[in-house]
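Listed below, chain by chain, are the residues.
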Amino acid sequence: MTGERIYPEAVSGPFPDPPRTTTDGEGRSITIDVVDPSDRTLLLEMYREFNPEDRAQGIPPIDDHAIERWLDNVIEEDCYGVLARHDGDAVGHAMLVPDEQDAHELAIFVLGRYQSAGIGTMLVRTLLGHAQDIGLDRVWLTVERWNDAAIALYKKVGFEVCSSESFEMEMSIRLH
Amino acid sequence: MKVLLGIGGSDRCWEALSQTVARANEAGDDLTVAVYEDDAVGESTATIADRVREEVDEAGLDADVRSVSGHPGGALVEIADGEGFDRLVVAGGSRSTLGKIQLGGVAEFVVLNSERR
């Protein structure tokens, strides 16, 4: 990871702001809102239920304590996140964590039985809307090269591939 | 156990060296250290090799320290596979602030290309 990350010249968006309620591809009512410290328990429950095969590049961790440590690290004050709920349960979570270059890294997790229903796209778009409101201008992510579904999702939203030299593909987007 | 450690002079490499040396002392490993040049670090193999010898001596260990040229991953795999090493050690990756694993180029090459079990 040496050198400056490349971002698209064109600004993407606009994106929808949280909170919003939509219907997913399976007809379920999904509410997406900004993560609040009181959502910690709900998020922990979601990540405990997370299927190991849906992990990406080592996260979320599997061990209970490791999940707590990791979660606390990504819901800190300088991090931003949105949470998707259905029937009161957390079913998806998208987050932005600051890096050392004043940009933010994005990651998203959706519970297995809620995947392939458009929730991921809604989460990413709503998180980027929230980020635009706050004034964040550069967001990046890494995704495994074989993960076609995720790559297609990110491209649809406006992310562009900025590096594909290593195991993971890097993608970035400009918000302002 | 016959252990080969690849080292390019990054902080993570030095961490890998101290861990490997500690293990070698406990388990009685036969340690070989292969030093390569890493553009991101910018130190000559001679400089790195000197420090490796110093640290190995301090630990009271006898290790074969040699320099390799060309593609570091390729050179390490060739030595490991060609000379019957049991283990090849390289510094792994780092994690982003978000927690995702970022594998280094040498580690990636070694994982994809070493043939021994």
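Refer to the structure printed above.
Not measured: the values here are computed from a predicted model.

Asker: Whenever I open this one, the pairing of strand 6 (residues 138-144) of chain A confuses me. Can you help?
Answerer: Where a strand is regular, its side chains alternate between the two sheet faces. Residues and elements named next belong to chain A. Counted residue by residue, strand 6 has seven buried out of seven residues, so it is predominantly covered. Neither face of strand 6 is open: one carries Arg138, Trp140, Thr142 and Glu144, the other Val139, Leu141 and Val143, and all of them are buried. Looking at chain direction, strand 5 (residues 104-110) and strand 6 are connected through two bridges and run parallel. Directly across from Glu105, in strand 6, lies its bridge partner Trp140. For the segment spanning strand 5, helix 3 (residues 119-134) and strand 6, crossover handedness is right-handed. For strand 6 and strand 8 (residues 168-174), the ladder comprises seven bridges, and the chain directions are antiparallel.

Asker: Explain helix 1 (residues 40-48) of chain A to me, please; I cannot follow it from the model alone.
Answerer: Spacing of three or four residues puts side chains on the same side of an α-helix, whose turn is 3.6 residues. Looking at helix 1 of chain A, one finds that the buried residues are Leu42, Leu43, Leu44, Met46 and Tyr47 of chain A. Those residues of helix 1 of chain A hidden inside the fold are in contact with helix 2 (64-74), strand 3 (80-86), strand 4 (89-98) and strand 5 of chain A.

Asker: Where do I start with the layout of surface pockets in this structure?
Answerer: Left-over empty space is what a probe sized like a water molecule reveals as it rolls over the atoms. Residues and elements named next belong to chain A. In this structure, the second largest pocket occupies an estimated 660 Å³ of space. The wall of the second largest pocket is formed by 27 residues, among which Ile108, Gln115, Asn147, Ala149 and Ala150 lie closest to the centre. At the level of secondary structure, the elements contributing two or more residues to the lining of the second largest pocket comprise strand 5, helix 3, strand 6 and helix 4 (148-157). Residue composition of the lining of the second largest pocket, by class: 14 nonpolar, eight polar and five charged.

Asker: What should I look at first to understand the sheet that holds strand 2 (residues 30-35) of chain B in this one?
Answerer: As a general point, the strands of a sheet are linked pairwise by backbone hydrogen bonds and lie either parallel or antiparallel. All names here are of chain B. Ordered in space as 3-2-1-4, the four strands form an open sheet in which the pairing is parallel. This sheet does not close on itself; its edge strands, each paired only once, are strand 3 (64-67) and strand 4 (87-89). Direction aside, neighbouring strands of the sheet carry axes that sit 20° apart on average. Two strands pair when backbone bridges link them, and strand 1 (residues 2-7) and strand 2 are joined in this way by six bridges, in the parallel orientation. Paired with Leu4 across the bridge in strand 2 is Thr32.

Asker: When you look at the packing of aromatic side chains in this model, what are you seeing that I'm missing?
Answerer: Any pair of aromatic rings gets described here by the distance separating the centres and the angle formed by the planes. Residues and elements named next belong to chain A. What the rule picks out here adds up to six aromatic pairs over all chains. When the centroid spacing of 6.0 Å and the interplanar angle of 45° are considered together, the rings of Tyr47 and Phe50 count as tilted. Positioned above the aromatic ring of Trp140, the side-chain terminus of Arg5 is 3.5 Å from the ring centre.

Asker: What's the story with the side chain of Thr20 of chain B in this structure? I'm lost.
Answerer: Mapped onto the fold, Thr20 of chain B is located in helix 1 (residues 11-27). Ignoring anything within four residues of it in the chain, the contact list for Thr20 of chain B reads Val3, Leu5, Leu31 and Val89 of chain B.

Quick notes on the rules
- Residues numbered from 1 in each chain as written.
- Chains lettered and ligands numbered in written order.
- Predicted model: local features only at pLDDT ≥ 70, side-chain atom pairs only at ≥ 80, totals over all residues.
- Heavy atoms only, no water.
- Buried < 20%, exposed > 50% of the residue type's maximum accessible area, 1.4 Å probe, protein only.
- Helix = DSSP H or I, 4+ residues; strand = E, 2+ residues; numbered from the N terminus.
- Pairing = 2+ DSSP bridges.
- Right-handed = clockwise from strand over helix to strand, strands pointing away.
- Contact = heavy atoms within 4.5 Å.
- 1 Å grid on protein atoms, 1.4 Å probe; cavity = no way out; pocket = protein on both sides within 12 Å on 5 of 7 lines; lining within 4 Å.
- Points joined across faces, edges and corners; volume = space filled by probe spheres on them.
- Nonpolar A, V, L, I, M, F, W, Y, C, P; charged D, E, K, R; others polar.
- Axes fitted to C-alpha atoms, helices over the stretch in contact; angles between N-to-C directions.
- Phe/Tyr/Trp six-rings, centres within 6.5 Å; stacked < 30°, edge-to-face > 60°.
- Lys NZ or Arg CZ within 6 Å of the ring centre and 35° of its normal.

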